[in-house]
Amino acid sequence: MALSFVVRSGPTRTYLAALSKQNIFLFELDYGDVTREPEFVHTRTYWLPQTPKFLQMSMHEDQLIDIIAVFHTEVICIGIEDARVREISVSELRSSNTNNKPNDPENMTWQTFTQLPWIPTLDPEFVSESFTIPPPYNLIINEDPSAMLNPIPVFETGNIDSLDSPNAPSLFFATFGSKSMIVDSKGRPFSTIVFQWTYPLIHVEFLKPSQTGGESYIVGFGKNMVEVRSFNTGRIVENVVRGVDVVYLGRGRNNRDVIWGCSFNKSS
């Protein structure tokens, strides 16, 4: 009876959340114990008053923090241990979509709320005030006065392994209609960059930088478009497909290469 499910993995543990109408069933797979045959074990069941569009999960290493339920017009976090419900509000996205195709119902609903696998490198001027501090005095005393205007992120960015730090925030790529922002688990924007897509998104994938501090990218899939945009600026890098019906099929890895499969016009 499952309508959909989502899977997230840590170093030694995998979680599976299955959505069935108004219930969420959480399963856990622990493959760190070599003395036991690995198997999924049902650990908890959560009830919701209505059925969400889809589920996501927030993790830090092997610890599952929240199950995220995304509805048409709201996003909520469900605490794993106590089932406490907390609504996530990203007012910057909702208000910015009011003047963008207001008669399109798909443009006024949540489309993605996906946890980022690393903290992207951003120009400090684009990082929100909540996540920056002024530069220390000993760094600017002998510098040009303009250096005083450049804030410093409160944690390391651009490192593929930067989320391993216990102080690193959980960041999510949130999309309402056809606009996206990077936010934390409370809905606070991590950056001021707004990603303006040609059409509302259905799915996103991320391309990691090849080296620390390198540029990373977002691949956005819509009903009839596939676009690649830069994490650093939000600007479009490449129009892969536009104006043709597209169905996202999945992601596969071959050594270091990443391949996406798309189906369009009844062919693949």
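Calculation notes
- Residues numbered from 1 in each chain as written.
- Predicted model: local features only at pLDDT ≥ 70, side-chain atom pairs only at ≥ 80, totals over all residues.
- Heavy atoms only, no water.
- Pairing = 2+ DSSP bridges.
- Helix = DSSP H or I, 4+ residues; strand = E, 2+ residues; numbered from the N terminus.
- Axes fitted to C-alpha atoms, helices over the stretch in contact; angles between N-to-C directions.
- Phe/Tyr/Trp six-rings, centres within 6.5 Å; stacked < 30°, edge-to-face > 60°.
- Buried < 20%, exposed > 50% of the residue type's maximum accessible area, 1.4 Å probe, protein only.
- Contact = heavy atoms within 4.5 Å.
- Core = buried A, V, L, I, M, F, W, Y, C linked by side-chain atoms within 4.5 Å.
- pLDDT = per-residue confidence, 0-100.

Undergrad: Sorry, what's going on with the sheet that holds strand β15 (residues 203–207) here?
TA: Within a sheet, neighbouring strands are paired by backbone hydrogen bonds and run either parallel or antiparallel to one another. Here 4 strands make up an open sheet; going across it, the order is β15-β16-β17-β18 and the pairing antiparallel. Each of the sheet's edge strands pairs with one partner strand only, and the pair in question is β15 and β18 (236–242). Strand-to-strand, the axes of this sheet are offset by a mean angle of 15°, without reference to chain direction.

Undergrad: It is not clear to me how the sheet that holds strand β9 (residues 110–115) should be interpreted in this structure. Could you clarify?
TA: Judged by pairing direction, the sheet is antiparallel, and its 4 strands sit side by side in the order β9-β12-β13-β14 without closing on themselves. Strand pairing shows two members of the sheet lacking a second neighbour, β9 and β14 (195–196), which therefore form its edges. With 5 bridges connecting them, β9 and strand β12 (residues 171–176) associate as antiparallel partners. For Phe113, the partnering residue across the bridge sits in β12 and is Ala174.

Undergrad: I keep staring at the packing of aromatic side chains and nothing clicks. Help me out?
TA: We describe a pair of aromatic rings using the distance from one ring centre to the other and the angle between the two ring planes. Counted under the stated rule, the structure contains 11 aromatic pairs. Taking 5.9 Å as the distance between ring centres and 75° as the angle between the ring planes, the aromatic pair formed by Trp118 and Phe231 counts as edge-to-face. Of this pair, Trp118 sits in the loop between β9 and β10 (132–133) while Phe231 sits in the loop between β17 (225–230) and β18, and the two are 113 residues apart along the sequence. Given a relative accessible area of 1%, Phe231 falls into the buried group.

Undergrad: Help me out: how do you make sense of the environment of Ile88 in this one?
TA: By secondary structure assignment, the location of Ile88 is in strand β8 (residues 85–88). Relative accessible area serves as the criterion here: at 3%, Ile88 is assigned to the buried category. Taking the C-alpha atoms as reference points, Ile88 and Ile68, 20 residues apart in sequence, are found 9.4 Å from one another. Beyond its immediate sequence surroundings of up to four residues, Ile88 is in contact with Val75, Ile76, Cys77, Phe113, Ser185, Lys186 and Gly187.

Undergrad: How do you make sense of the environment of Val85 when you look at a structure like this?
TA: Along the chain, the position of Val85 falls in strand β8. Placed 18 residues apart in sequence, Val85 and Ile67 show a C-alpha to C-alpha distance of 9.7 Å.

Undergrad: Can you help me understand the nonpolar core in this one?
TA: Grouped together as the largest cluster of nonpolar side chains are 19 residues, with contacts concentrated most on Phe173, Ile182, Phe190, Phe195, Phe206, Ile218 and Phe231. Of all the elements in the fold, those that place two or more residues in this core are β12 and β15. Every residue in contact with Phe206, bar those within four places of it in the chain, is listed here: Thr114, Gln115, Leu116, Pro117, Trp118, Phe173, Tyr217, Ile218, Phe231 and Arg251.

Undergrad: Sorry, what's going on with the confidence of the model for the protein chain here?
TA: Atom-level detail of predicted coordinates should not be read off regions where pLDDT is low. In this model, the protein chain carries an average pLDDT of 81, and 75% of its residues clear a pLDDT of 70 or more. Across residues 158–163, where pLDDT falls below 50, the model places 24 contacts with residues more than four positions away in sequence or in other chains.

Undergrad: I'm lost on unusual backbone geometry in this one. Help?
TA: Residues other than glycine predominantly adopt negative phi, and peptide bonds predominantly adopt the trans conformation. Although it is not a glycine, Lys21 sits at a positive phi angle of roughly 55°. Assignment of secondary structure puts Lys21 in the loop between β2 (13–20) and β3 (23–30). For Lys21, a relative accessible area of 53% puts it in the exposed group. Backbone geometry places Glu61, a non-glycine residue, at a positive phi of 55°. Mapping Glu61 onto the fold places it in the loop between β5 (54–60) and β6 (63–70). Assessed through its relative accessible area of 43%, Glu61 is described here as partly exposed.

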